[in-house]
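# Remarks on the overall topology
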Amino acid sequence: MDIEKVMSPKFDASSIFSYSDSYPKEVFLSPLSASPTKVDEFITRRFVFDALAIANLKAKAATSSSVQNPTRVEVVTALLGKCFKAVLKESSGSNKSFLLAHAVNLRRKARPQFSEYLMGNCVWLAYFICKDDEETELHDIICKFREAIAKLNGDFVNSLQGDRGILNFIEAIKLERETYYTNPIDTIVCSSWCNFGYYDLDFGWGKPAWVSALDFSHVGANCNGVFFMDTKDRNGIEAWVILHKEQMAILERDKELLAFATLDPSPLKEY
């Protein structure tokens with residue numbers, strides 16, 4: 001066995017991000033409390049982008065000099081953001097701004113980087129607003145996406161460590177809530193599970209034929225969300241989209257989206 005390839009989980013996150021019992025738990029938890037969300041009927045649909053669709057999206061996004069070498073996740077996030085804005089316009093009768101949030105792995109943002117085997121939810125959300133009166137072409141959204149992620153740099157991660165780390169954490173959460181949640185606004189939260197190596201896992205009965213996300217709408221999800229998964233060939237993306245049923249009915253027939261994605265194809269198909 002190649003000892004260098006053996007995963008060694010690290011459980012020392014508490015020594016990196018310290019917590020003091022001197023702060024009441026209510027102070028620690030209050031800024032994390034989610035804004036009230038209407039409990040309603042949300043459903044999940046799976047949109048699959050194969051390698052050719054990804055290549056075409058990258059080429060379309062790269063026609064602007066402002067975007068160089070877009071990634072799979074960037075172009076699919078941008079397309080879904082553009083389509084989500086169209087959904088809001090059709091469902092409300094007018095252009096609407098919306099907030100897009102994307103989970104970011106802080107392990108790679110730290111300087112020096114944390115171990116990839118550091119256990120725990122070492123993530124932060126990168127936020128950006130797509131305004132009703134702004135263009136929402138692919139490159140526009142990708143630029144906003146990159147600007148939001150760039151703010152989560154080594155200095156930011158360092159600010160969450162040490163004696164003042166917990167205070168800076170609370171202040172950062174409060175600032176985000178005051179900036180993005182003061183006025184009601186439609187929000188969609190994205191998380192990429194691509195490149196996690198799920199298709200390389202073998203528990204003794206062979207590697208998986210298909211790896212899927214959970215149908216979150218069946219476990220009480222009541223917010224808009226997107227989870228990105230690899231296709232089996234690792235070149236495409238499966239986007240598991242959660243929306244209110246009325247908005248999903250609009251998204252499912254979006255011509256621009258369906259020009260690149262296939263709605264719920266057989267998981268046994270080779271991409």
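Looking up the protein chain in an unreviewed UniProt entry gives the name Vinorine synthase-like, with the organism given as Melia azedarach.

Running from N to C, helix α3 (residues 51-61) and helix α5 (residues 138-150) point in directions that differ by 85 degrees, and their axes come no closer than 8 Å. When the interaxial angle is binned, α3 and α5 end up roughly perpendicular. Contact residues: α3 offers Leu-57, Lys-60 and Ala-61, while α5 offers Leu-138, His-139 and Ile-142. For the contact of α3 with α5, the class distribution of residues is four nonpolar, one polar and one charged.

Further remarks concern empty space enclosed by the protein. Empty space among the atoms becomes visible once a probe the size of a water molecule is rolled across them. Scanning all chains against the criterion turns up one cavity of 30 Å³ or more. Within this model, the largest cavity holds a volume of roughly 40 Å³. Taken together, Leu-80, Phe-84, Ile-188, Val-226, Val-241, Leu-243 and Leu-251 form the lining of the largest cavity. Counting residues per element, the ones that place at least two in the lining of the largest cavity are α4 (72-92) and β6 (237-244).

Considering all chains together, one arrives at 13 salt bridges under this definition. Between Arg-253 and Glu-90 there is a salt bridge whose closest N-O contact spans 2.6 Å. Remark: Glu-90 occurs in helix α4 and Arg-253 occurs in the loop between α8 (245-251) and α9 (255-258); sequence separation between them is 163 residues. When salt bridges that share partners are traced, they join Lys-60, Lys-82, Glu-137 and Glu-256 into one network.

For strand β5 (residues 224-230), a buried count of seven out of seven residues is recorded, marking the element as mostly surrounded by other parts of the structure. Taking every second residue as pointing to the same face, both faces of β5 are buried, with Asn-224, Val-226, Phe-228 and Asp-230 on one and Gly-225, Phe-227 and Met-229 on the other. Sheet topology places strand β4 (residues 186-192) next to β5; five bridges connect them, and they run parallel. In the sheet register, Ser-192 faces β5, and the bridge partner there is Phe-228. Here β5 runs beside β6; their pairing, made up of six bridges, is antiparallel. When the bridges of β6 are listed, Asp-230 appears paired with Ile-237. Between β5 and β6, which pair antiparallel one after the other, the connecting turn spans six residues, and Arg-234 there sits at a positive phi close to 70 degrees.

Of the volumes computed, that of the second largest pocket is approximately 260 Å³. Lining the second largest pocket are 13 residues; nearest its centre among them are Trp-124, Lys-151, Leu-152, Glu-176 and Tyr-180. Going through the elements one at a time, β3 (123-130) and α7 (165-180) are the ones with two or more residues in the lining of the second largest pocket. Here the lining of the second largest pocket gets five residues from one element, more than from any other, and that element is α7. Counted by class, the lining of the second largest pocket contains 10 nonpolar, one polar and two charged residues.

The next point concerns unusual backbone geometry. The residue after Arg-111, namely Pro-112, is reached through a cis peptide bond having omega 0 degrees. Residue position: Pro-112 is located in the loop between β2 (98-105) and β3. For Asn-69, which is not glycine, the phi torsion reads 50 degrees and is therefore positive. You can see Asn-69 is positioned in the loop between α3 and α4. For Asn-69, a relative accessible area of 69% puts it in the exposed group. The phi dihedral of Arg-234 is positive, around 70 degrees, even though this residue is not glycine.

About the thresholds
- Residues numbered from 1 in each chain as written.
- Predicted model: local features only at pLDDT ≥ 70, side-chain atom pairs only at ≥ 80, totals over all residues.
- Heavy atoms only, no water.
- Axes fitted to C-alpha atoms, helices over the stretch in contact; angles between N-to-C directions.
- Helix = DSSP H or I, 4+ residues; strand = E, 2+ residues; numbered from the N terminus.
- Parallel < 35°, antiparallel > 145°, perpendicular 65-115°, else oblique.
- Contact = heavy atoms within 4.5 Å.
- Nonpolar A, V, L, I, M, F, W, Y, C, P; charged D, E, K, R; others polar.
- 1 Å grid on protein atoms, 1.4 Å probe; cavity = no way out; pocket = protein on both sides within 12 Å on 5 of 7 lines; lining within 4 Å.
- Points joined across faces, edges and corners; volume = space filled by probe spheres on them.
- Salt bridge = Lys/Arg side-chain N within 4 Å of Asp/Glu carboxyl O.
- Buried < 20%, exposed > 50% of the residue type's maximum accessible area, 1.4 Å probe, protein only.
- Pairing = 2+ DSSP bridges.

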